[in-house]
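Residue-level structural notes
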Amino acid sequence: LRFFIPIALLCGKKITFIGSEKLFSRPLGVYEEICKKQGILFSLKKDSLTVCGTLKSGDYAIRGDISSQFVSGLLFALPLLKESSTLTLIPPVESRSYIDMTVSALSQFRVKTKEKAKNVFEIGGLQSYLPQDITVEGDYSNAAFLEALNTVGGDVRVLGLDKNSLQGDKVFFDYFKRLS
């Protein structure tokens, strides 16, 4: 949901997301505040969210200690706007590895962002995603559950993990070694 809200705000049409009450009970205040500032409808109910309006280019500043999903959502949408934007993350910045993964994924599809200062991203407007054939790397977070079996005598081999991954969760290997 946090990825798709900014994307929905690219079309300028009324869009309603429908889902479980649990999904819509998760914090969405970052987007609600952006919509309020830009005069965009943001109507949250217990099992739905309706937005209507068009996201505008500009300077965005959001706290870095909230979910990186808000940052990723904006990074997905802002390059498609007519003008450049700046996204500033207010320290402390948590989940930086997920933000780095988003920037890396964007670059794979030829969308450019530039970190012009620490935690300040410059995103050019009028960009387009160019189709690419890529292989999606394995998920270290999920792999950790299976690899944990090896700490208690299992013989599990998880394939498809990139040793050079930006995923912060790959640190589990170091922790599991300490348990042995």
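Above this text you will find the structure in question.
Just so you know, these numbers come straight off a predicted model, no measurement behind them.

Rules used in this analysis
- Residues numbered from 1 in each chain as written.
- Predicted model: local features only at pLDDT ≥ 70, side-chain atom pairs only at ≥ 80, totals over all residues.
- Heavy atoms only, no water.
- Helix = DSSP H or I, 4+ residues; strand = E, 2+ residues; numbered from the N terminus.
- Buried < 20%, exposed > 50% of the residue type's maximum accessible area, 1.4 Å probe, protein only.
- Contact = heavy atoms within 4.5 Å.
- Salt bridge = Lys/Arg side-chain N within 4 Å of Asp/Glu carboxyl O.
- Axes fitted to C-alpha atoms, helices over the stretch in contact; angles between N-to-C directions.
- Parallel < 35°, antiparallel > 145°, perpendicular 65-115°, else oblique.
- Left-handed = near helix turned anticlockwise from the far one by under 90°.
- Nonpolar A, V, L, I, M, F, W, Y, C, P; charged D, E, K, R; others polar.

With that settled, consider the overall build of the protein chain. Of regular secondary structure, the protein chain possesses seven helices and seven strands. Each helix and strand of the protein chain, ordered N terminal to C terminal, gives the series α-β-α-α-β-β-β-α-β-α-β-β-α-α. Referenced to the eigenvectors of the C-alpha coordinate spread, the extents of the protein chain come out at roughly 60 × 40 × 35 Å. Counting over 180 residues, the protein chain shows a buried share of 33%. Of the contacts formed within the protein chain by residues at least 6 apart in sequence, a portion of 65% connects residues at least 24 apart.

We now examine the pattern of salt bridges. Under the definition given, this model contains five salt bridges. The partner of Arg-63 in a salt bridge is Asp-65, with the nearest N and O atoms 2.9 Å apart. For the salt bridge of Arg-96 with Asp-100, the shortest nitrogen-to-oxygen distance reads 2.8 Å. Of this pair, Arg-96 and Asp-100 both sit in helix α5 (residues 96–108), four residues apart, roughly one helical turn.

Contact geometry for helix α4 (residues 68–77) and α5: axes closest at 9 Å, N-to-C directions at 15°. Regarding the angle of α4 to α5, the classification is roughly parallel. Seen from above, α4 lies across α5 with right-handed handedness. Seen from α4, the contacting residues are Ser-68, Val-71, Ser-72, Leu-75 and Phe-76; seen from α5, they are Tyr-98, Ile-99, Thr-102, Val-103 and Leu-106. Here the residues of the contact of α4 with α5 sort into seven nonpolar, three polar and no charged.

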